[in-house]
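Inside the fold
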Amino acid sequence: MTINMGPQHPATHGVLRIELELDGEIVVRATPFIGYLHRGVEKLAEIKTYHQALTLTDRLDYTSALSNNLAYCLACENLLGLEVPKRGQYLRVILAELQRIAAHLLWLGTHALDIGAMTVFFYTFREREYITDIIESVTGARLTPSFIRIGGLARDVPDEFEGMVRSFVKDFPRRVDEYETLLTKNIIWRRRTVKVSPLTREDALSYGVTGPVLRASGVNYDVRKAFPYSSYEDFDFEIPLGTGGDVFDRYDVRLREMRQSNRIIDQALSRLPGGPINARAPGYVAPPKEDVQKDMAALIRHFKLMEESFSAPRGEAYGAIESSKGELGFYLVSDGSNKPFRFRIRPPSFLNIGALPKMIVGSMIADVIAAIGSIDIVLGEIDR
Amino acid sequence: MTLAGITISDKAVKRLESQFAGFVTVEQAGNQTNAIVDKAKLRDALLFLKTEKDLAYTMLTDLFVVDYHPRDPRFEVVYLLTSWEMKDRVAMKVRIGDGERLPTVSDLWGAADWLEREAYDMFGVRFDNHPDLRRILMVEDFDGHPLRKDFPTEGLGFGKPIKIELEEEQR
């Protein structure tokens, strides 16, 4: 029997369609179909200037827009040869880690909801709301901030930022304990997740799977450790690993990862240096907003940068980060003009979902839901 | 100049150059060093990078195409490999013209299956022996390959009036 799952199905987290060939309740073959949310981001970016293309990145993985901004800005900075000052780097780390926790909380709530544990959703969204409030107070937007800019940040953080983040960091480990009391030893949760849809280490490497899914299969690869960016080498944190690569391991890895993110935020906040947030590169980086409102020259420079942008030197650059889903990379090719000649996005979810047939063939159809949830896909990023 | 963020090193490029002398050219693209490999040695070179013990580029991080229309050969296919053990990356390229085919690497990396399908969908680059070379993001009956430089951003037939035939008129 063939069953079409999706594209309108609440458990596919967007518009994913999977053609499932079944023998009774067992999946014999699975073919994912993607592209329902294709907007042509890579093509659109080629007619936008480097500054303008930043707004497109927010809309890839819309659960962690700041991480996407960061990856794109790193690629641009590699291309231009910019070095962001320490304060800017630390603030980027705090924002990216907050965003990772927010994305993991969204995943945990919806994943548990898919499997049938409704309460977790209300718990995780309470904390996620608090993070969104922090992001709103810093950037002015809740979902698509476009806040991390080429060469630094749009502006420095407000005074209340430190207090808000501190109270979150202090409170959060207790909250994770709360989620664990609901799920980790819950017999129904364990029956639905332990030894369900395992992915072997070899398959995970072959399919280019990254992020928590890869680490649940036991491969110690995290871009933050392997290729440190934005001063991650300054912080002390661990990379949680799984052994079996099943749905439970992916859950466990993400929960431990949230605790580690909390540690990173704590360290970055305590050691937050003073000084400028933006690289000293007037040709590339826009002047601070206060100057724009007072100084005629700054206003002209801001206008010219936003309108014409800058001409990037010829060359190629790759910038990658560990986003909440895995390795998110941007490969830029510049022909010397003010627009990217090629704007390649390496989306983690695209390659992670490619390994889905490997996980679910031979398992029960009800486990397909658990497997999709455990990969944590975002179709905005898969379809681009 | 060395930047902390640049993770693509020239270590593998040098090894490739000595191993496949005459088939590899080194190209400096801004702050990054790439290897350009002859099409005939593409699979050998990738296999070498993957299996050599001290290189161990076991992950195919990305595979994508850059269109340099109207230059000839028009396409550059970039293979971005990562060695998570050695903590190193390499960007290897192959140049092909319009209509030229490449051997598939989907038997070396499962990831190449979908990435090659995307390259075919967006640029029309075809891969020999690929198990299932269909469009992946665009609809099956889509006309053209949208990421080619000669494909208009607003789409084909933009601005032309759409002819609507009412059911009554058809009869």
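The notes below deal with the structure included here. Computed from a predicted model, the values in this text were never measured in an experiment.

**Observations concerning the overall build of chain A**
Scanning chain A from terminus to terminus reveals 17 helices and 8 strands. Relative to its length of 384 residues, chain A is compact, with a C-alpha radius of gyration of 21 Å against a globular reference of 21 Å. Residues classed as buried in chain A amount to 53% of the 384 residues present.

**Structural notes on the overall build of chain B**
Across its full length, chain B carries 4 helices and 7 strands. Reading the secondary structure of chain B in the N-to-C direction produces α-β-β-α-β-β-β-β-α-β-α. The C-alpha atoms of chain B give 20 Å as radius of gyration, which overshoots the globular expectation for 171 residues (16 Å, by more than 25%). Once the C-alpha set of chain B is aligned to its principal axes, its extents read approximately 70 × 35 × 30 Å. Taken across its 171 residues, chain B has 41% of its residues classed as buried.

**Quick notes on the sheet that holds strand S2 (residues 32-37) of chain B**
Residue and element names in this part refer to chain B. Taken in spatial order, the 5 strands make up an open sheet running S1-S2-S5-S4-S3, and their pairing is mixed. In the strand order of this sheet, the two ends are held by strand S1 (24-29) and strand S3 (59-67), each with one partner. Strand-to-strand twist in this sheet, taken as the mean axis angle between neighbours without regard to direction, amounts to 25°. In terms of strand pairing, S3 meets strand S4 (residues 75-83) through 8 bridges, oriented antiparallel. Bridge pairing links Val-65 to Val-77 in S4.

**Quick word on the sheet that holds strand S2 (residues 17-23) of chain A**
Residue and element names in this part refer to chain A. Pairing is antiparallel in the open sheet, where 3 strands are placed in the order S1-S2-S3. In this open sheet, the two strands that pair with only one neighbour each are strand S1 (2-5) and strand S3 (26-33). With strand direction ignored, the average angle separating the axes of adjacent strands in the sheet is 20°. Two elements, S1 and S2, share 4 bridges in a ladder whose sense is antiparallel. Bridge pairing links Asn-4 to Glu-19 in S2. Across the sheet, helix H16 (residues 365-375) is in contact with S1, S2 and S3; its angle to S2 comes to roughly 150°.

**Looking at the interface of chain B and chain A**
Counting residues at the interface gives 31 residues for chain B, matched by 42 residues for chain A. Examining the composition of the side of chain B that touches chain A, we find that 6 residues originate from one element, S3 of chain B, more than from any other. Among the residues making up the side of chain B that touches chain A, the classes are represented as 19 nonpolar, 9 polar and 3 charged.

**Section: the packing of helix H6 (residues 160-183) of chain A against helix H11 (residues 247-270) of chain A**
To characterise two packed helices, one gives the angle between the axes of the helices and the distance between these axes. Residues and elements named next belong to chain A. Contact geometry of H6 with H11 gives a least axis separation of 10 Å together with a crossing angle of 160°. The orientation of H6 relative to H11 falls into the category roughly antiparallel. Of the two possible hands of crossing, H6 and H11 adopt the one that is left-handed. Of the residues in H11, those touching H6 at Glu-162, Val-165, Arg-166, Val-169, Phe-172, Pro-173, Val-176, Tyr-179 and Glu-180 are Leu-255, Met-258, Arg-259, Asn-262, Ile-265, Asp-266 and Leu-269.

**Re the environment of Glu-327 of chain A**
Mapping Glu-327 of chain A onto the fold places it in strand S7 (residues 327-334). Overall, Glu-327 of chain A belongs to the buried group, with 28 C-beta atoms counted inside 10 Å. Sequence separation between Glu-327 of chain A and Ala-75 of chain A is 252 residues; the distance between their C-alpha atoms is 13 Å. What Glu-327 of chain A contacts, discounting residues up to four positions off in sequence, is Thr-210, Gly-211, Val-223, Ala-320, Glu-322, Arg-346 and Pro-348 of chain A together with Thr-61 of chain B.

The rules we used
- Residues numbered from 1 in each chain as written.
- Chains lettered and ligands numbered in written order.
- Predicted model: local features only at pLDDT ≥ 70, side-chain atom pairs only at ≥ 80, totals over all residues.
- Helix = DSSP H or I, 4+ residues; strand = E, 2+ residues; numbered from the N terminus.
- Rg over C-alpha atoms; globule rule 2.2 N^0.38 Å.
- Buried ≥ 20, exposed ≤ 12 C-beta atoms within 10 Å, placed from the backbone.
- Pairing = 2+ DSSP bridges.
- Axes fitted to C-alpha atoms, helices over the stretch in contact; angles between N-to-C directions.
- Contact = placed C-beta atoms within 7 Å.
- Nonpolar A, V, L, I, M, F, W, Y, C, P; charged D, E, K, R; others polar.
- Parallel < 35°, antiparallel > 145°, perpendicular 65-115°, else oblique.
- Left-handed = near helix turned anticlockwise from the far one by under 90°.

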